[in-house]
Amino acid sequence: MNTPKAYIQTFGCQMNEHDSYRMVEVLARQGYTMTEEVDEASLVILNTCSVRQNPENKVYSLLGRLRRLKRRDAEVIIGVGGCVAQQEGEKILERERCVDMVFGPDNYFRLPEMIAQVRQGERVLATKWLPRAADRVQNFVPEEWVERGHVEGCKAFVSITKGCDNFCTFCVVPYTRGREVSREAANILREVRDLVSRGAKEIWLLGQNVNSYRAHDAGFYELLDMVSQVDGLKRVRFTSPHPNDWNNRLSDLMAERPAICNHLHLPFQAGSDRVLEAMNRNHTIAQYLDKIRYMRSINPTLELTTDLIVGFPSESDAEFEETLRVLEEVQFSQIFPFKYSPRPGTKAEKFEDDVPREVKEDRLARAIALQEQITNARMAAYVGTGQEILIDAANPRFRHAMNGRTDGFRPVTVRDCDAEIGDTLNVRITDYKQHWLDAEVIAEAMV
Ligand code: SF4
């Protein structure tokens, strides 16, 4: 008998990527193998994101194309999971007859049950949240799955919190991922140790607001400290921290522990205190910059990246200039800038979206242009330096070339390299193109 094939398309953030990996494992236990060809799949899942409008539009346009698949073979099961599924729920089933199941982020471990229901002729809607424990501590990964996480190459993701209680006015996450809960540190460590024993060299700790993690046995500081000392683990990354919950103790820990990567993605969103208040970010830009200055004072090579929004309702030209000033001062390695657009169900949806489209576009272009100059200078400064990189993939374009990352998260291509995924190499940076560094292997670390 042919093994059934499943196709999963993932939109959005690392959290969704992680959820998709979990689905791969859940489906593998049901006998499914994965395929990259949607046409040969008997189960198709779109794992959706509603943080930006684009992924949402893409999902609907993809569903339009999937109708054809269903017409050709009525047995094909089509599922929509993730944040759009949580938010739109029944509307998706009403709008797209080809969809058999719609399930939110708290429900993917129930896939076997949902598939069985579909096979019995039902259309499934599964968007209920797991009940939140009163103390907000909950081992939300089912016990049987704690030691069955997915290792992709040499990396693995581990959720330490889920949901968010911050309610930034522009953000859908508290509505699509629910209120925040944290897993016990012991439960997380069990998962990390298991992943490392199965080949993970780099672990990403995930949460919508990762550093507000608080369980009975540890806060984020203690958890990061413990994970960074797991035997056999080379690198720990985490995303995304909130500036409010960041403190100098965490900066000290990052600087002290070799396994904690030298990269922090710390979203600042806007340079103006008035805009930050309208966004409900609960900190001022001076507080943000103080934390950055401290980090840089103890660790000058720290790579910082950020998210920012331009054209938030009522943002003036002068307020946007403050955002540019933050870029100039911090000298991020990379930024992820977005034009504001209202997201359904958020508080900011009720604000007047009064910054004209052309102004938003102009601000976006100016932020990108400034950052390009900064990135270019930062990349040029790498040339000639020695770096330790973790090899994570074969280079798809060049023979005998491998790709890896510095611990500051810079992507690197190494030519004439016979290393394997998961190897750590000492390299010398020889050149760069846009965001990529080129390197050659050297025998020993350069000091
Ligand atoms: S901290 Fe704000 S932006 Fe981040 S997930 Fe929570 S509500 Fe959204």
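These figures come from a predicted structure and were not determined experimentally.

A.B. asks: I would appreciate a short explanation of the pattern of salt bridges in the present structure.
C.D. replies: A pair can form between side chains of opposite charge whenever their charged atoms are brought close. Scanning the model with the defined rule gives 32 salt bridges in all. Arg-257 serves as the salt-bridge partner of Asp-225, at 2.5 Å between the closest nitrogen and oxygen. On the criterion of sequence distance, the pair formed by Asp-225 in helix α8 (residues 220-227) and Arg-257 in the loop between α9 (248-256) and β12 (263-265) is long-range, its members being 32 residues apart. On the basis of relative accessible area, Arg-257 is assigned to the partly exposed category, the value being 22%. Here Glu-329 makes a salt bridge to Arg-293, at a shortest N to O gap of 2.8 Å. Of this pair, Glu-329 sits in helix α12 (residues 317-330) while Arg-293 is found in helix α11 (residues 285-298), placing the two residues 36 residues apart along the sequence. Taking the relative accessible area as the measure of exposure, Arg-293 reaches 41% and is therefore partly exposed.

A.B. asks: How should I be thinking about unusual backbone geometry in this particular structure?
C.D. replies: Note on backbone geometry: most residues besides glycine have negative phi, and most peptide bonds are trans. With an omega dihedral of -10°, the bond running from Thr-239 to Ser-240 counts as a cis peptide bond. Note on placement: Ser-240 falls in the loop between β11 (235-239) and α9. A positive phi angle, near 60°, is found at Asn-280, a position not held by glycine. Summarising the element assignment, Asn-280 is placed in the loop between α10 (273-278) and α11. Asn-280 gets classed as partly exposed once you look at its relative accessible area, which sits at 26%.

A.B. asks: Explain the packing of helix α1 (residues 14-29) against helix α5 (residues 111-119) to me, please; I cannot follow it from the model alone.
C.D. replies: The relative placement of two packed helices is expressed as an angle between their axes plus a distance between the axes. Running from N to C, α1 and α5 point in directions that differ by 60°, and their axes come no closer than 9 Å. By the criterion of interaxial angle, the relationship of α1 to α5 is oblique. The residues of α5 that touch α1, namely those facing Met-23, Val-26 and Leu-27, are Leu-111, Pro-112 and Ile-115. Grouping the constituent residues of the contact of α1 with α5 by class yields six nonpolar, no polar and no charged.

A.B. asks: I tried to follow the packing of aromatic side chains on my own but got confused; where do I start?
C.D. replies: The geometry of two aromatic rings is summed up by the distance between their centres and the angle between their planes. Taken as a whole and judged by the stated rule, the model has twelve aromatic pairs. Pairing Phe-268 with Tyr-288 gives two aromatic rings, centres 5.7 Å apart and planes at 45°, and the pair type is tilted. Separated by 20 residues along the polypeptide, Phe-268 in the loop between β12 and α10 and Tyr-288 in helix α11 bring together distant segments of the chain. When its relative accessible area of 0% is taken as the criterion, Phe-268 is described as buried.

A.B. asks: Just checking my understanding: could you explain the environment of Gln-269 for this structure?
C.D. replies: Looking at the secondary structure, you find Gln-269 in the loop between β12 and α10. Taking the C-alpha atoms as reference points, Gln-269 and Arg-281, separated by twelve residues in sequence, lie 8.7 Å from one another.

A.B. asks: Explain the nonpolar core here, please?
C.D. replies: It is characteristic of soluble globular proteins that their nonpolar side chains tend to be buried jointly. Leu-205, Phe-238 and Leu-327 are the most contacted members of the largest nonpolar core, which totals 69 residues. Residues from two domains meet in this core; each of domain 2 (134-261) and domain 3 (264-381) gives at least three. Those residues within four positions of Leu-205 in sequence are excluded, and the remaining contacts are Val-158, Ile-160, Val-210, Leu-223, Leu-224, Val-227, Val-236, Arg-237, Phe-238 and Thr-239. Membership of the second largest hydrophobic core comes to 25 residues, among which are Ala-6, Ile-115, Val-141 and Trp-145.

A.B. asks: Teacher, can you tell me more about the domain arrangement of the protein chain here?
C.D. replies: It is common to give the size of an interface as the accessible area that goes away when the parts come together. Taken domain by domain, the protein chain consists of domain 1 (5-126), domain 2 (134-261), domain 3 (264-381) and domain 4 (383-441). The C-alpha centroid of domain 4 is placed 27 Å from the C-alpha centroid of domain 2. Counting residues at the interface gives ten residues for domain 2 and 13 residues for domain 4. When the two sides are added together, the surface that domain 2 and domain 4 hide from each other amounts to roughly 860 Å², 57% of it contributed by carbon and sulfur. On the domain 2 side of the contact with domain 4, Cys-154, Arg-235 and Arg-237 bury the most area, a combined 51% of that side's loss. Taken together, the connections running from domain 2 to domain 4 amount to one salt bridge. With its nearest N and O atoms 3.4 Å apart, the salt bridge here joins Asp-392 to Lys-155. Inspection of the domain 2/domain 4 interface yields eight residue pairs in polar contact (both at pLDDT 80 or more). Of all elements in the fold, only β10 (202-206) and β11 reach the threshold of two or more residues within the side of domain 2 that touches domain 4. A per-class count over the side of domain 2 that touches domain 4 returns three nonpolar, one polar and six charged.

A.B. asks: Sorry if this is basic, but what is going on with the sheet that holds β11 here?
C.D. replies: The pairing of strands in a sheet comes from backbone hydrogen bonds and takes either a parallel or an antiparallel form. Spatial ordering of the open sheet is given by β7-β10-β11, a layout of three strands whose pairing is parallel. Sheet topology places β7 (155-159) and β11 at the edges, where each strand pairs with a single neighbour. For this sheet the average axis-to-axis angle between neighbouring strands, irrespective of direction, equals 25°. Lying on the sheet, α1 is in contact with β7, β10 and β11; it crosses β7 at an angle near 100°.

A.B. asks: Explanation requested: the environment of Glu-388 in the structure shown.
C.D. replies: Inspection of the secondary structure assignment puts Glu-388 in strand β15 (residues 386-394). Under the relative-accessibility criterion, Glu-388 is labelled partly exposed at 46%. C-alpha of Glu-388 to C-alpha of Thr-406: the two residues are 18 residues apart in sequence and 6.0 Å apart in space. With near-sequence residues (within four places) excluded, Glu-388 lies in contact with Arg-235, Arg-405, Thr-406, Asp-407, Thr-424, Leu-425 and Asn-426.

A.B. asks: Would you take a moment to explain the sheet that holds β12 for this structure?
C.D. replies: With parallel pairing, three strands are arranged side by side in an open sheet as β12-β13-β14. Looking at which strands have only one partner, the edges of the open sheet turn out to be β12 and β14 (334-339). The mean angle between the axes of side-by-side strands here comes to 10°, regardless of whether they run parallel or antiparallel. As defined by bridge partners, strand β13 (residues 303-310) adjoins β14 across six bridges and the pair is classed as parallel. Directly across from Ile-309, in β14, lies its bridge partner Phe-338.

A.B. asks: Quick question: what am I supposed to make of helix α13 (residues 357-382) here?
C.D. replies: Since one α-helical turn is 3.6 residues long, residues separated by three or four positions face the same way. Taking 1.5 Å of rise per residue, 26 residues should cover 38 Å, and α13 covers 37 Å from first to last C-alpha, within 8% of that figure. Among all positions of α13, only Lys-360, Arg-363, Leu-364, Ala-367, Leu-370, Gln-371, Ile-374, Thr-375, Met-379 and Tyr-382 are buried. Within two residues after α13, Gly-384 carries a phi angle of roughly 95°, on the positive side.

What counts, and where the lines are drawn
- Residues numbered from 1 in each chain as written.
- Predicted model: local features only at pLDDT ≥ 70, side-chain atom pairs only at ≥ 80, totals over all residues.
- Heavy atoms only, no water.
- Salt bridge = Lys/Arg side-chain N within 4 Å of Asp/Glu carboxyl O.
- Helix = DSSP H or I, 4+ residues; strand = E, 2+ residues; numbered from the N terminus.
- Buried < 20%, exposed > 50% of the residue type's maximum accessible area, 1.4 Å probe, protein only.
- Axes fitted to C-alpha atoms, helices over the stretch in contact; angles between N-to-C directions.
- Parallel < 35°, antiparallel > 145°, perpendicular 65-115°, else oblique.
- Contact = heavy atoms within 4.5 Å.
- Nonpolar A, V, L, I, M, F, W, Y, C, P; charged D, E, K, R; others polar.
- Phe/Tyr/Trp six-rings, centres within 6.5 Å; stacked < 30°, edge-to-face > 60°.
- Core = buried A, V, L, I, M, F, W, Y, C linked by side-chain atoms within 4.5 Å.
- Domains from an automatic or database assignment.
- Buried area = accessible area lost by both parts, 1.4 Å probe.
- Polar contact = N/O pair within 3.5 Å; in protein donor to acceptor, adjacent residues only side chain to side chain.
- Pairing = 2+ DSSP bridges.
- Expected span 1.5 Å × (residues − 1).

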